[in-house]
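Given next are the chains, with one letter for each unit.
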Protein chains: 2
Amino acid sequence: MLSIQEALAALPDSPPPCTAESCALTDALGRILAESLIAPEDSPTFPKALMDGFAVHNSALTAPTDSAGLTELRVTDTLLAGQMPRSAPSPGQALRIMTGAVTPDGTAAVIPIEMTEFREAEPERLRVNPQELQAGMNILPRAANIAAGTELLSSGTVLHPGRIAALAEFGITTVPVYRQPRVAVLPTGDEVVHFSRQPPPGHIRNSSQPMLASQARSAGAVPILLDPVPDQPHSLADSIRTGLLADVLLLTGGVSMGTHDFVPQELERAGVRKIFHGIRMKPGKPLWFGIAQQDDHTCLVFGLPGNPVSSLVCFELFVRPLLCRLQKQPAPERHRAALTMDFSVRGNRPVCQPAQLSLCNGRLQATPLNWKVSADLNAITAANGMVLLNPEDEPAVAGQTVPAWYWYSNER
Amino acid sequence: MLSIQEALAALPDSPPPCTAESCALTDALGRILAESLIAPEDSPTFPKALMDGFAVHNSALTAPTDSAGLTELRVTDTLLAGQMPRSAPSPGQALRIMTGAVTPDGTAAVIPIEMTEFREAEPERLRVNPQELQAGMNILPRAANIAAGTELLSSGTVLHPGRIAALAEFGITTVPVYRQPRVAVLPTGDEVVHFSRQPPPGHIRNSSQPMLASQARSAGAVPILLDPVPDQPHSLADSIRTGLLADVLLLTGGVSMGTHDFVPQELERAGVRKIFHGIRMKPGKPLWFGIAQQDDHTCLVFGLPGNPVSSLVCFELFVRPLLCRLQKQPAPERHRAALTMDFSVRGNRPVCQPAQLSLCNGRLQATPLNWKVSADLNAITAANGMVLLNPEDEPAVAGQTVPAWYWYSNER
């Protein structure tokens, strides 16, 4: 039986990444660039005024001033955003200019209108203080953001809204992104029925399936929900064969010590090479992991425990990092959180305890949630993460920092 | 001109929330419950074995033992998950039982197989140590998670994967959720063309639009992208009329000090009641906000600055909290982060400085990003949040904590 660390280390470092596909920029939120993108033009493509005000000639910076310390300039034209300049500022003159407009050659500075003496009733008359002028002020020179040919975003970058803006600025309307991994979710068990059905006596609904499907979505994958399959080798074999067509196959149930736990044998019969079965942890002890390789296609296979909290924890600890790697992303970080209360765990395995994580005054803290058993509803509805507690250590006290993970996100 | 705090306080506390709609559970990730949901049945509906092992009668706990400290029991039946019990354990006997199976009445404990002496070759013979038995061990009694009629999830709860599991367990396949707010995004400006087009000289692409649309999506809203409109009162009036049909209308551009900034007047002409125009902050000074009320329909209207970093910051600071309130959600928290470097800002307005936020050893830290001007590409691509710095304060030093916000998420 592996430790948690050994199991994490046994997961493939660099599984074959998903291939690239094209995606419209407006659909690209959260997608991951599969190639570097180069700026096809300068940004900006023209020198640009950054404030509403007046474009002045270099001589204004050293012009003689009156007793009020001001110099007077004659406003000869107005430049709106979107217009090409008709003239350039010359000594003693200024051009009224709006934010975003092209600054003509020969503009030394753009002084904001708030810093001038100007009245709309006398639109040709402008008074400014030369001491408040700095060469280049409020002008964004051509290519000041980026020059054509420079790398704009690198491969592996997640497309968040700011980056979407950057690409739109350059007219990049479709982007090459990694295909989203396909994750097949296959519930097993004689006692399990589809969650839309009324269970016969002694049966339960497959609540893990929509949960794991949502977790897969939150990890940037596309879930494929397969019908629940009973504890019968032939039925399992058929469903497994279908599931192996995906990039990742998650089975739930059938991996423990029960007499009708056929999942490991049927996976191996289907050609899945076992990497590990059994981890010294709670919950999640019977976790099974293997890799199926057929021609060019790889399928990463997890046999998750049957109960929802166990499969939830195993997904967050083991499946999510692999889904990140398939998209050339770093796995979510393991943090350190300060416990908000004394908390001890019993038993002989490290415990991944569901918890509520929050930031308080810039410090990450964790409130472990009491659970009666692995199937506790409270833990599954109230928790947003988990902490790692070792029963072999001294009982943990409030304020002590412990390893902690957020659930449900690739980013945290 | 309002301060940031005054402007935040001026936003409606409780705007009319979105109405409720039905959503399939499998599509419900991230949606928000519009009503409380009650458990329609007990959980579990039957007493359940939590481990693979043996169900024993109460007498086993105090049975006489041999010299090895063990007592011998005769295994009379096997209970698989999904089967209804045919018999109950009696003194001197045990039932083999699998995880998830119904524990018959009269079961005092389920002892895991690992804690017994048992060989498959002699399946009727079981030896256990009574001292290791505790009444109730490894049994989840009926209704131990929740009793029928108890509130399962309350109105306003965000549906994350664990909660989806909880609902699926009870066969709840559709859920009442708040309709997603519709956010119309309307770029204005003579110099602006749609981002798919090649801009004529002096023109730019409307990069803010796909950015704000993505931000809206990340806030749980549905973006509606309207065509860019020039700086002409009639055209603006038409587009505004369309935009007011949404729950939120975001205009970009046309709110500053320029001679062709018609947005405020056209909004007021369209019946939008101004709440504020102008905030003492950088970027974002010319931000305009108002509310349009017509019969039963409310539209919250923002006139955002034209340049992308400014509108990005204004969205995160002002629009996102309102979108959260429309869905009865708390706004993302304002955190405190420790600066990773000395950093000072100039000018006379508080600065929302783009920054990289990260958790390091459980502490939130922030690295402000140097930006040359409000339109800096680096700030918009590299930042994942912002910090608030006041030029009137002492220059901030590394280690000092400052107000900080994450971008792009309702949850952080």
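Analysis parameters
Residues numbered from 1 in each chain as written. Chains lettered and ligands numbered in written order. Predicted model: local features only at pLDDT ≥ 70, side-chain atom pairs only at ≥ 80, totals over all residues. Heavy atoms only, no water. Helix = DSSP H or I, 4+ residues; strand = E, 2+ residues; numbered from the N terminus. Rg over C-alpha atoms; globule rule 2.2 N^0.38 Å. Buried < 20%, exposed > 50% of the residue type's maximum accessible area, 1.4 Å probe, protein only. Contact = heavy atoms within 4.5 Å. Areas by Shrake-Rupley, 256 points an atom, 1.4 Å probe, with all protein chains shown as cover. Lys, Arg positive; Asp, Glu negative; His and termini not counted. Charge placed at Lys NZ, Arg CZ, Asp CG, Glu CD. Least-squares fit on C-alpha atoms with pLDDT ≥ 70 in both. Pairing = 2+ DSSP bridges. Core = buried A, V, L, I, M, F, W, Y, C linked by side-chain atoms within 4.5 Å. Phe/Tyr/Trp six-rings, centres within 6.5 Å; stacked < 30°, edge-to-face > 60°. Lys NZ or Arg CZ within 6 Å of the ring centre and 35° of its normal. Buried area = accessible area lost by both parts, 1.4 Å probe. Salt bridge = Lys/Arg side-chain N within 4 Å of Asp/Glu carboxyl O. Polar contact = N/O pair within 3.5 Å; in protein donor to acceptor, adjacent residues only side chain to side chain. Domains from an automatic or database assignment. Axes fitted to C-alpha atoms, helices over the stretch in contact; angles between N-to-C directions. Parallel < 35°, antiparallel > 145°, perpendicular 65-115°, else oblique. Left-handed = near helix turned anticlockwise from the far one by under 90°. Nonpolar A, V, L, I, M, F, W, Y, C, P; charged D, E, K, R; others polar. Disulfide = S-S within 2.5 Å.

Turning to the overall build of chain A, a few remarks are in order. The helix and strand inventory of chain A stands at seven helices and 25 strands. A globule of 412 residues ought to have a C-alpha radius of gyration of about 22 Å, yet chain A, at 31 Å, is considerably larger. Dimensions of chain A, computed from the C-alpha atoms along their principal axes, are close to 100 × 50 × 40 Å. Across the 412 residues of chain A, 57% fall into the buried class. If you take every contact in chain A between residues at least 6 apart in sequence, the share linking residues at least 24 apart comes to 71%. Total accessible area on chain A stands at roughly 16500 Å², and carbon and sulfur atoms take up 47% of it. With 32 positive and 39 negative side-chain charges, chain A shows a separation of 6 Å between the mean positions of the two kinds.

Both copies of the chain are related by one operation, a rotation about an axis with a shift along it. Once chain A has been moved 0.0 Å along the axis and rotated by 180 degrees, it coincides with chain B to within an RMSD of 0.0 Å. Such a turn and shift between the copies fits a two-fold axis. Measuring from the rotation axis to each C-alpha of chain A, the shortest distance belongs to R363(A), at 2.4 Å. Looking at chain A, 100% of its interface residues are interface residues in chain B too, so the copies touch through the same face.

The subject of this paragraph is the sheet that holds strand β4 (residues 53-56) of chain A. All names here are of chain A. The strand order β7-β4-β6-β5-β9-β8 describes an open sheet built from six strands, whose pairing is mixed. Of all strands in the sheet, those bounded by a partner on one side alone are β7 (109-112) and β8 (117-118). Sheet topology note: the β4/β7 ladder contains four bridges and is antiparallel. Following the sheet pairing, A55 is matched in β7 by V110.

In terms of nonpolar packing, the biggest core is built from 164 residues, with V175(A), F302(A), V175(B) and F302(B) touching the most fellow members. Not counting residues up to four positions away in its chain, the partners in contact with V175(B) are E21(B), S22(B), C23(B), L25(B), A28(B), L33(B), L37(B), L159(B) and L167(B).

Bringing the packing of aromatic side chains into the picture now. All names here are of chain A. Throughout the structure, instances matching the rule amount to 10 aromatic pairs over all chains. With 4.7 Å between their ring centres and 40 degrees between their planes, F289 and F302 make a pair best called tilted. One end of the pair, F289, is in strand β19 (residues 288-294); the other, F302, is in strand β20 (residues 297-304), with 13 residues separating them in the sequence. For the pair F289 and F302, a shared accessibility class is recorded, and that class is buried. One aromatic cluster is present, built from ring pairs that chain together F276, F289, F302 and F318. When the ring centre of Y406 is taken as reference, the NZ or CZ atom of R412 above it lies at 4.0 Å.

Here the focus is the interface of chain A and chain B. In this assembly, 83 residues from chain A lie in contact with 83 residues from chain B. Buried surface at the junction of chain A and chain B, both sides included, amounts to about 6800 Å², of which 65% is carbon and sulfur. Summed over the shared surface of chain A and chain B, the number is four salt bridges. For K285(B), the salt bridge goes to E114(A), with nearest N and O atoms at 2.9 Å. Between chain A and chain B we count 19 residue pairs in polar contact (both at pLDDT 80 or more) in total.

Residue and element names in this part refer to chain B. Inspection of the secondary structure assignment puts D13 in the loop between α1 (4-10) and β1 (20-24). Classification of D13 by relative accessible area gives exposed; the value is 65%. Along the chain, D13 and N145 lie 132 residues apart, while their C-alpha atoms are 36 Å from each other.

The next point concerns helix α3 (residues 208-218) of chain B. Taken across its 11 residues, α3(B) has nine buried, putting it largely inside the fold. For α3(B), the full list of buried residues reads S208(B), Q209(B), P210(B), M211(B), L212(B), A213(B), S214(B), Q215(B) and A216(B).

Attention now moves to the pattern of salt bridges. The final tally for this structure, using the stated rule, is 30 salt bridges over all chains. The residue D247(A) makes a salt bridge to R179(A) at a minimum N-O spacing of 3.2 Å. On the criterion of sequence distance, the pair formed by D247(A) in the loop between α4 (233-243) and β17 (248-252) and R179(A) in the loop between β12 (174-178) and β13 (182-187) is long-range, its members being 68 residues apart. In this structure, R127(B) and E117(B) form a salt bridge, with 3.2 Å as the shortest nitrogen-oxygen distance. Here the residue R127(B) occupies a position in strand β9 (residues 125-128), and E117(B) occupies one in strand β8 (residues 117-118), the gap between them amounting to 10 residues.

In terms of domains, chain A is made up of domain 1 (4-18 + 180-326), domain 2 (20-44 + 144-178), domain 3 (48-140) and domain 4 (335-406). For domain 2 of chain A versus domain 3 of chain A, the distance between C-alpha centres works out to 36 Å.

Moving on, we come to the packing of helix α2 (residues 161-169) of chain A against α3(B). The contact between α2(A) and α3(B) brings their axes to 7 Å, and the two run at 160 degrees. Between α2(A) and α3(B), the interaxial angle falls into the category roughly antiparallel. Judged by the sense of rotation from one axis to the other, the crossing of α2(A) with α3(B) is right-handed. Contacts between α2(A) and α3(B) involve P161(A), G162(A), I164(A), A165(A) and A168(A) on the former and, on the latter, P210(B), M211(B), S214(B) and Q215(B). Residues of the contact of α2(A) with α3(B), tallied by class, amount to six nonpolar, three polar and no charged.

Let us now look at the sheet that holds strand β7 (residues 109-112) of chain B. Pairing within the open sheet is mixed, and its six strands lie in the order β7-β4-β6-β5-β9-β8 (chain B). Each edge of the sheet is formed by a strand with only one pairing partner; in this case those strands are β7 and β8 of chain B.

Turning to helix α4 (residues 233-243) of chain B, a few remarks are in order. Buried residues of α4(B): L236(B), A237(B), S239(B), I240(B) and G243(B), and no others. Contacts from the buried residues of α4(B) go to β13 (182-187), β17 (248-252), α5 (263-269) and β20 (297-304) of chain B.

Our next topic: the environment of N307(A). Residues and elements named next belong to chain A. Note that N307 resides in the loop between β20 and α6 (308-326). Looking at N307, the relative accessible area reads 24%, which means it is partly exposed. Considering only alpha carbons, one finds N307 and A221, 86 residues apart in sequence, at a separation of 22 Å. One polar contact links the side chain of N307 to the main-chain amide nitrogen of V309, over a distance of 3.2 Å.

With that settled, consider the state of the cysteines. All told, the structure shown has zero disulfides over all chains when counted by the stated rule. There is no disulfide at C360(A), and the cysteine sulfur nearest it, in C360(B), is 19 Å away.

The next thing to look at is unusual backbone geometry. For the bond running from K282(A) to P283(A), omega is -5 degrees, close enough to zero to count as cis. Looking at where P283(A) falls in the secondary structure, it is placed in the loop between β18 (273-277) and β19. Although it is not a glycine, N138(B) sits at a positive phi angle of roughly 60 degrees. Of note, N138(B) is situated in the loop between β9 and β10 (139-140). A positive phi angle, near 50 degrees, is found at D295(B), a position not held by glycine. For D295(B), a relative accessible area of 72% puts it in the exposed group.

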